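Given next are the chains, with one letter for each unit.
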Amino acid sequence: MAHQNTDVQTQSPSLNSPIENVDRPVRVLYIMGAGRSGSTLLDSVLANHPDAVGGGELVNLHSAGWSSNEVCACGKLGTECDFWTRVRSAWQRRVPDATVASYIALQKRFEFPHWFGLIQFARLARQRFFPSLAFKTYLRQTEALYQAMAEVSGRSIVVDSSKTPIRAAVLSRIQGLDLRLIHLVRDARAVAWSRRKSLAADQAAGVQTTIKPRPSWYSAGYWALINLLSMMVRLLSGSRSLRMRYEDFVTEPKRELERLGVLCDLDFTSTTNALLHGDPIRVEHPIAGNRMRMGGSVRLKPDWEWRDRLPNREQAICWLCAGWMLWLFGYSRNCNTAVADNVPMQPANAPRPI
Ligand SMILES: [Zn+2]
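The following refers to the structure shown. Counting restarts for each chain, with residues numbered from 1 along the sequence as it is written. The model is predicted, so local features are restricted to residues of pLDDT at least 70 and side-chain atom pairs to those at 80 or more, both for listing and for counting; the totals for chains, interfaces and linings are taken over all residues.

With that settled, consider the nonpolar core. For this entry, the nonpolar core is defined as buried Ala, Val, Leu, Ile, Met, Phe, Trp, Tyr and Cys residues connected by C-beta atoms within 7 Å. Buried means a residue has 20 or more other C-beta atoms within 10 Å of its own C-beta, exposed means 12 or fewer, and partly exposed covers the counts in between; C-beta atoms are placed from the backbone. Judged by nonpolar contacts, the single largest core of 85 residues is most densely connected at V28, Y30, M149 and V158. Here a helix means four or more residues in a row that DSSP labels H or I, a strand means two or more in a row labelled E, and each is numbered from the N terminus. Considering each element in turn, this core owes the most residues, 10 residues, to helix α7 (residues 133-153). Contact between two residues is assigned when their C-beta atoms, built from the backbone, lie within 7 Å. Excluding residues within four positions of it along the chain, Y30 makes contact with D160, A168, L171, L179, R180, L181 and I182.

If you want it as structure tokens, here you go:
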């Protein structure tokens, strides 16, 4: 039986009145990058805007939320959560030819990564010039999901932290979406440290399957590939975008939220003030993603644990596998010293990546 997250219920304001007709393009704030880069935190911060609704990793909504019936951040099962139940009804009304199973089948063909997504990218490249009926159907049904979320929430902006660059490439092909891409980067050594830990499956805690530890070379290689693909999508999609380092976000939230505000055409002043005062950021109904979403709220908290805990040899392996890209993003090789919270990784006058 799913647990009830009372914290969410007390902190989350009611959703706005449903929008009858979503005729304007739905604005989608899409977070892409490698896993364990802080996307759940950023999703919650962006979705804190009164005009936005956060969905977590929407790429997994149909499979995790509606097919496997996993637990939403509100504490209810995917098929029992009122928000997702209404979104599903609105989605089905817009695309009556779709079922959850048929949509997942399309995702497997065009979106779920094989060989780290390289096969899907090859398929997408072909569809760009010779779009098949199945691909057009997939785009239409995906667009309908965002429209359904906007309709049910009464908010015109949807935050999607699916992270995969493949989905970003797919979304950039949908004319009815106003896509803004956020390429979120975190130091590969922090990602490697996070992925060295194993997690036992715990539905109520937001861990759907047992997560096995990964060696540092594997995590660094994965990190480099995903970020390379993310850069390619930024370059080729034509969508408005920026790159942001997680470390900059947690140490300079005001400056980074101003950059995000320009990208998204939104004013994040109230969210910035909440973060600077250490106030909790509400979490509503993300149904897939990091277990952090199950806490009901999140706070900004820098985490430099890897600098003290990741062995020097492992750090060297990360630099060997992904050093050129770390350097490109403005990270330095030698930072293996304990650093107090709220101290930026780079000197204040260091060049900031775009
Ligand atoms: Zn829910």
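Still more ground to cover, so stick around.
This part covers helix α5 (residues 100-110). Among the residues making up α5, those that are buried are Y103, Q107 and F110. End-on view of α5: buried residues confined to an arc of 85 degrees, all on one side of the axis. The exposed set on the far side of α5, more than 90 degrees from its buried face, consists of A101 and K108. Turning to α5, the residues buried within the fold contact α3 (61-67), α6 (118-129), α7 and α8 (165-171). Arc, as used here, means the arc of the directions from the helix axis to the C-beta atoms.

The next thing to look at is the packing of helix α4 (residues 82-94) against α7. Two elements in contact, α4 and α7, have axes separated by 8 Å at closest approach and are oriented at 130 degrees. The pairing of α4 with α7 is recorded here as oblique in orientation. Once α4 is placed against α7, the crossing between them reads as right-handed. Seen from α4, the contacting residues are F83, R86, V87, A90, W91 and R94; seen from α7, they are A144, L145, Q147, A148, M149, E151 and V152. Only C-alpha atoms enter the line fits that serve as axes; for helices the fit covers just the stretch in contact. Angles between N-to-C directions range over 0 to 180 degrees. We call two directions roughly parallel when the angle between them is under 35 degrees, roughly antiparallel when it is over 145, roughly perpendicular when it lies between 65 and 115, and oblique otherwise. Crossing handedness is read from the near helix: turned anticlockwise from the far helix by less than a right angle, it gives a left-handed crossing, and turned clockwise, a right-handed one.

Phi angles above zero are rare outside glycine, and K163 is one such case at about 80 degrees. Locating K163 in the fold gives a position in strand β3 (residues 157-163). A positive phi angle is found at D265, which is not glycine, with a value near 55 degrees. Secondary-structure assignment places D265 in the loop between α12 (253-264) and α13 (269-276). Accessibility expressed as a C-beta count within 10 Å gives 11 for D265, which makes it exposed.

Spatially, the five strands line up as an open sheet ordered β2-β3-β1-β4-β5, and their pairing is parallel. Across the chains shown, the open sheet's two edge strands, defined by having one partner strand only, are β2 (52-54) and β5 (240-245). Going from strand to strand, the sheet's axes swing by 25 degrees on average, the running direction of each strand aside. A pair of strands is labelled paired if DSSP reports no fewer than 2 bridges between them. Note: strand β1 (residues 26-32) against strand β4 (residues 177-185), seven bridges, orientation parallel. Across the sheet, residue V26 finds its bridge partner in β4, namely L177. Across the sheet, helix α2 (residues 39-47) touches β1, β2, β3 and β4, and the angle it forms with β3 is around 180 degrees.

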